[in-house]
Amino acid sequence: NQKIIEESPSAGISPDVRAAVCDGAVALARHVGYEGAGTVEFMVGADRTITFLEVNTRLQVEHPVTEAVTGLDLVELQLRVAAGERLPIDQDDVVVRGHAIEVRVVAEDPGTGWMPSTGRIGRFSIGQHGADPTGLVRVDTGVRDGAEISSDYDSLVAKVIAHAPTRAEAAHRLARALRGSQITGIRTNVDSLVAILDEADYLAAD
C-alpha cells in the first residue's frame, strides 16, 4: 500500500499531539547528533498514542508540503549543510502558514486493482499550458509529452501540490488543476484523486 495524498499540517491530530511529534523528532535528531536533511516518521493512533516508526536520512516524496507551509527550500538547505555551512535559521524560525496538500499521480489504473499502466505518453499537462492559468499549484515531474513509461521504474509520474490559507481551499485548488489535466497514452489515478478531494468525509478530515 502506497500513500497517494499527503498533507501539512495533519488534519487528523490535535495541536498538542502535533507539538509532541515535532518535539520528538527534534529531540531524536539532537540526541544522535544528526546533521543533514532527514525525516522522522511517527504513527498516531485513534487514542492519540504516538508510535515511532523510522528515520530516513534523506528527504521524502512528501517534502514539498513542508516547503509550502514553511516557505523553506529544503533541498537548498540540505545542500548548504552538506557543503559545511550552518543553517541560516533556528528551530524557532520555522513557522507553519496555511495548509498544503500533495497528490501522487501514478501510472496505475484504480479500475483494475491498481495495475501498472505502461506505454508512450501522448499529451502530458498538469497545472500548466492552460490547465491552471493562475499558477496555484506546483507540479514536480520529469515526464513530458512523448515520454515512455516502462515497468522498470516506480509508477510515480508527477507530484501536484497546492498551498492555500485553508485545507478546503487547498483541496479545491488541487482538484481544479487535476480536472484540467491532460494525460494520454497511459492510465492514471487522476480521476480517483479528484473523487477523494471532493469527498465530504475527506474534506471533513474524517
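As a reminder, the structure under discussion sits directly above these lines.
Residues numbered from 1 in each chain as written. Predicted model: local features only at pLDDT ≥ 70, side-chain atom pairs only at ≥ 80, totals over all residues. Heavy atoms only, no water.

Let's shift gears to the packing of aromatic side chains. Enumeration over the complete set of coordinates arrives at one aromatic pair. Relative to Phe52, the ring of Phe42 has its centre 6.0 Å away and its plane inclined at 70°; by these criteria the two rings are edge-to-face. Of this pair, Phe42 sits in strand β2 (residues 39-44) while Phe52 sits in strand β3 (residues 50-56), and the two are 10 residues apart along the sequence. Taking relative accessible area as the criterion, Phe42 reaches 24% and is therefore assigned partly exposed. The class for Phe52 is partly exposed, based on a relative accessible area of 43%. Geometry around Tyr202 places Arg167 over its ring, the cationic atom sitting 4.4 Å from the centre. (Phe/Tyr/Trp six-rings, centres within 6.5 Å; stacked < 30°, edge-to-face > 60°. Helix = DSSP H or I, 4+ residues; strand = E, 2+ residues; numbered from the N terminus. Buried < 20%, exposed > 50% of the residue type's maximum accessible area, 1.4 Å probe, protein only. Lys NZ or Arg CZ within 6 Å of the ring centre and 35° of its normal.)

The next point concerns helix α5 (residues 190-198). Val190, Leu193, Val194 and Leu197 are the residues of α5 that are buried. Down the axis of α5, the smallest arc covering the buried residues is 100°, so these residues share one side. Structurally, α5 contributes buried residues whose contacts are with β1 (5-8), β4 (99-106), α4 (167-179), β12 (182-183) and α6 (200-203). (Arc of directions from axis to C-beta. Contact = heavy atoms within 4.5 Å.)

On to the pattern of salt bridges, then. Under the definition given, this model contains 14 salt bridges. Ionic pairing is found between Asp16 and Arg48, a salt bridge with its closest N-O pair at 2.7 Å. Pair noted here: Asp16 is in helix α1 (residues 15-32) and Arg48 is in the loop between β2 and β3, with a separation of 32 residues, a long-range link. Ionic pairing is found between Glu85 and Arg80, a salt bridge with its closest N-O pair at 2.8 Å. Relative accessible area serves as the criterion here: at 41%, Glu85 is assigned to the partly exposed category. (Salt bridge = Lys/Arg side-chain N within 4 Å of Asp/Glu carboxyl O.)

What follows deals with the pairing of β4. Here β4 lies mainly inside the structure; eight of its eight residues are buried. Burial along β4 is two-sided: His99, Ile101, Val103 and Val105 facing one way and Ala100, Glu102, Arg104 and Val106 facing the other are all buried. Bridge count between β1 and β4: four bridges; the pairing is antiparallel. Pairing of Ile5 across the sheet is with Val103, part of β4. The pairing of β4 with strand β11 (residues 156-164) spans eight bridges and is classified as antiparallel. (Pairing = 2+ DSSP bridges.)

Turning to its location among the elements, His63 is positioned in helix α2 (residues 63-70). For His63, the residues in contact, after removing those within four places along its chain, are Leu74, Val75, Arg138 and Lys159.

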